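# Overview (structure and organization)
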Amino acid sequence: MFFLSRRTHRHLPKKHVAIIKAIKSGAIVMAFAASTSLSAQDIAPEESTSGEVETPSETAPTGELIAPTNPDDGSVRAGIGGIAPIFSLGRRFRLSTSLTGGYDDNVNLTPTGSPSWYASPSAVFTYQFGNPRLAMDLVAGAGITYYFAHPGGRDFDPNVYLDLSLVYKASERLTFDVSALAAYQAQPDVSSALSANRRLGNFFRSADNISAHYRWTPRFSTVTSYNFSALEYQNSTASSGDRLENHLGEQVRYLLFPTTTATAGYGIGITGYQTTGNNPISQTLTAGLDQTFGPHLSGTFQGGLQLRSGQTSPYIDAGLHYSFGLRTYVIWTNRYSIEESGTGAGSGRETFRTNLLLNYRFTARISANLAVSYQNGTGAQGADIGFNGGVAGGAENVFDVSAEVRYAITHSLAVNAGYRHTESDQGSTSAIASQGLGYTRNRYFAGLTYTF
């Protein structure tokens, strides 16, 4: 995706490049999704296969999609991981509009604060399709966050995104998995490595994956995958972090027990920084287990070694998924790895990330959700304004938590209220705190949502 050449990239303004890429990405993904879903109507059902148990779908127990967004402004929260669609679901359309308003005591995420009241109108379209061989989920959203006090000259934040997840059973042995996320936004996403930890202006990002799972025997299978990601800022001061990432991976899987699968994998990736010309190569060796603990709880673990252009680090990727009836689901992901620098000049950052999403439905009308993200990273060799505010070699801790309560007035109309807190090294002895580069932010919000 995103076929702009380097030569073209150098001559077009940043905002034009981001817009062109977003349009191309959206057109390609939408065309592919539409053609695949239509052709699926002619696919005959297939008998179930034996062997490895399938990973439970990462959707709410009712089949409703888990929204990959923050409740205070609708911005994308990519760190939760992929969403697996449901087979034999049929066809579902949904359109919802919402108006959220509240108070933000630090719009620009600065040490001194920049408060404003804000309003955030948005619309979200979801489409789900599933038959015995094809399952697809599509979420597309658009909105703005308007600031009444215009802190730092900021009038509004854009927020446009498209999220696709598709699984296709080509045969009894072969399954294809496709996912794509494209977003244009201003709000930094502290849950994901494909974003800065502070405001650097509007930016475009995309994370795409295609994989093929082939079952050679009832117990032995392989997964071949290709991942592509892109990050580009409109602000010229942040353009040193603009990059394209390509990654190839191969995983072998062996079913030890009906609920336990052993895995081993190797991956190699290359990152191309668009302004500095730096092209670091990263390799990863892993071994792990996928475990189904019961009808409601499953987990994955991968551990190993990561090598990145002279750097060596442990690599850990683990997660849990829990769902119970119509009331509760929990998704918890954890990763320790070398992440890319936000400047392209220094070494990578050894970073630990954890993301937790919890939803509990108290009654048919009342529900609550909690989202928590935390990261601890050691700085690159050079100063990194997107990571630690410009401290050479400095570390940074970022904590973000949001809580929301929702009440369904009718089947179509719901109200919600919540609170979100974000902080970066406040009260610590780290380099960015000692130099006054940390920040805290509190958001208080309430809103209305109408679903057609």
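Rules used throughout
The numbers attached to residues start from 1 for each chain and follow its sequence in the written order. Under the rules for a predicted model, residues below a pLDDT of 70 receive no local features and side-chain atom pairs below 80 are neither given nor counted, while totals for whole chains, interfaces and linings still include all residues. Calculation of side-chain values draws on the structure's entire complement of heavy atoms; hydrogens and water are dropped beforehand. Helix numbers and strand numbers start at the N terminus; a helix is a DSSP run of H or I with at least 4 residues, a strand a run of E with at least 2. Between buried and exposed lies partly exposed: a residue is buried under 20% and exposed over 50% of the maximum accessible area for its type, with that area taken using a 1.4 Å probe on protein chains only. Whether two residues touch is decided by their heavy atoms; if any such pair falls within 4.5 Å, the residues are in contact. All accessibility values rest on the Shrake-Rupley procedure with a 1.4 Å probe; residue burial counts only the protein chains present in the view. Here, any two strands with at least 2 DSSP bridges between them count as paired. Nine residue types can take part in a nonpolar core, namely buried Ala, Val, Leu, Ile, Met, Phe, Trp, Tyr and Cys, and a core is a set of them joined through side-chain atoms within 4.5 Å. Each patch is assembled from residues with relative accessible area greater than 30% and no salt bridge, linking like charges that lie within 9 Å and nonpolar side chains (Val, Leu, Ile, Met, Phe, Trp, Tyr) that lie within 5 Å. Only one rule defines a salt bridge in this text: a Lys or Arg side-chain nitrogen within 4 Å of an Asp or Glu carboxyl oxygen. Here the aromatic set is Phe, Tyr and Trp, taking the six-membered ring for Trp, and pairing holds for ring centres within 6.5 Å; pairs whose planes are under 30 degrees apart are stacked, those over 60 apart are edge-to-face, and all others are tilted. What pLDDT reports is the predictor's confidence in each residue, on a scale of 0 through 100. Polar contact is the term for a pair of N or O atoms within 3.5 Å; when the atoms are in protein, one must be able to donate a hydrogen and the other to accept it, and sequence-neighboring residues count only if both atoms are side-chain atoms.

### Focus on the overall build of the protein
Each helix and strand in the protein was counted, giving four helices and 18 strands. Within the protein, buried positions represent 48% of all 452 residues. The contacts in the protein between residues at least 6 apart in sequence include a share of 58% that link residues at least 24 apart. Here the protein has roughly 20,000 Å² of accessible surface; of this, 63% comes from carbon and sulfur atoms.

### Describing the pairing of strand β17 (residues 413-424)
With eleven bridges joining them, strand β16 (residues 396-408) and β17 adopt antiparallel strand pairing. Bridged to Ser402 within β17 is Arg420. The hairpin formed by β16 and β17 contains four residues between the paired strands. Direction of pairing for β17 relative to strand β18 (residues 439-451): antiparallel, over a ladder of twelve bridges. Residue pairing for β18: Tyr419 is matched across the bridge by Tyr444.

### A closer look at the nonpolar core
The biggest cluster of nonpolar side chains holds nine residues, and these are Tyr127, Phe129, Leu134, Met136, Leu138, Leu162, Leu164, Leu166 and Val178. Leu200, Phe203, Tyr233 and Ala238 belong to the second-largest nonpolar core, a separate cluster that totals seven residues.

### A short note on a nonpolar patch on the surface
Together, Ile210, Tyr226, Leu248, Tyr266, Ile268, Ile270, Ile281, Leu285, Leu305 and Leu307 line one region of the surface with nonpolar side chains, adding up to about 820 Å² of accessible area. Only β9 (260-273), β10 (281-292) and β11 (297-308) provide two or more residues apiece to the nonpolar patch. Looking at which element gives the most residues to the nonpolar patch, the answer is β9, with three residues. Of note, Leu305 is situated in strand β11.

### What to know about the pattern of salt bridges
In the structure shown here, the tally under the stated rule is 17 salt bridges. The partner of Asp72 in a salt bridge is Arg443, with the nearest N and O atoms 2.9 Å apart. With Asp72 in the loop between α2 (14-39) and β1 (90-104) and Arg443 in strand β18, this pair connects stretches of sequence that are 371 residues apart. Taking the shortest distance from any N to any O, the salt bridge between Arg441 and Asp104 comes out at 4.0 Å. One end of the pair, Arg441, is in strand β18; the other, Asp104, is in strand β1, with 337 residues separating them in the sequence. Residue classification places Arg441 among the buried residues on the basis of a relative accessible area of 1%. The class of Asp104 is buried, set by a relative accessible area of 0%. Salt bridges sharing common partners tie together Asp72, Asp73, Asp104, Asp400, Arg420, Arg441 and Arg443.

### Digging into the packing of aromatic side chains
Applying the stated criterion across every chain, the model contains ten aromatic pairs. Measuring from centroid to centroid gives 6.4 Å for Phe93 and Phe125, while their planes differ by 40°, and the two rings are tilted. In this pair, Phe93 sits in strand β1 while Phe125 sits in strand β2 (residues 116-130), placing the two residues 32 residues apart along the sequence. According to the relative accessible area criterion, Phe93 is exposed, its value standing at 56%. An angle of 45° between the planes, with centres 4.8 Å apart, marks the rings of Phe93 and Tyr127 as tilted.

### Things to note about the confidence of the model for the protein
Summarising the model, the protein shows a mean pLDDT of 84, and 82% of its residues fall at 70 or more. The low-confidence segment residues 1-63, where pLDDT is below 50, has 124 contacts with residues more than four positions distant or belonging to other chains.

### Thoughts on the pairing of strand β15 (residues 366-377)
Across eleven bridges, strand β14 (residues 349-361) lies against β15 in antiparallel orientation. Across the sheet, residue Leu357 finds its bridge partner in β15, namely Ala371. Hairpin connection from β14 to β15: four residues lie between these consecutive antiparallel strands.

### Quick word on unusual backbone geometry
When glycine is set aside, most residues are seen to have a negative phi, and most peptide bonds are trans. Of note, Leu109 is a non-glycine position whose phi angle comes to about 55°, a positive value. Topologically, Leu109 is positioned in the loop between β1 and β2.

### Overview of the environment of Glu339
Structurally, Glu339 is set in strand β13 (residues 328-339). Classification of Glu339 as buried rests on a relative accessible area of 7%. Between the alpha carbons of Glu339 and Leu194 there is a distance of 9.2 Å; along the sequence they are 145 residues apart. Setting aside residues up to four positions removed in sequence, Glu339 forms contacts with Ala193, Gly348, Arg349, Thr351 and Arg353. Looking at Glu339, its side chain comes within polar contact range of the side chain of Arg353, at 2.6 Å.

### What about the environment of Ala446?
Tracing the chain through its elements places Ala446 in strand β18. Once the C-alpha coordinates of Ala446 and Ala417 are considered, the two residues, 29 residues apart in sequence, prove to be 4.0 Å apart. Ignoring any residue separated from it by four or fewer positions in sequence, one finds Ala446 in contact with Leu99, Thr100, Gly101, Asn416 and Ala417.

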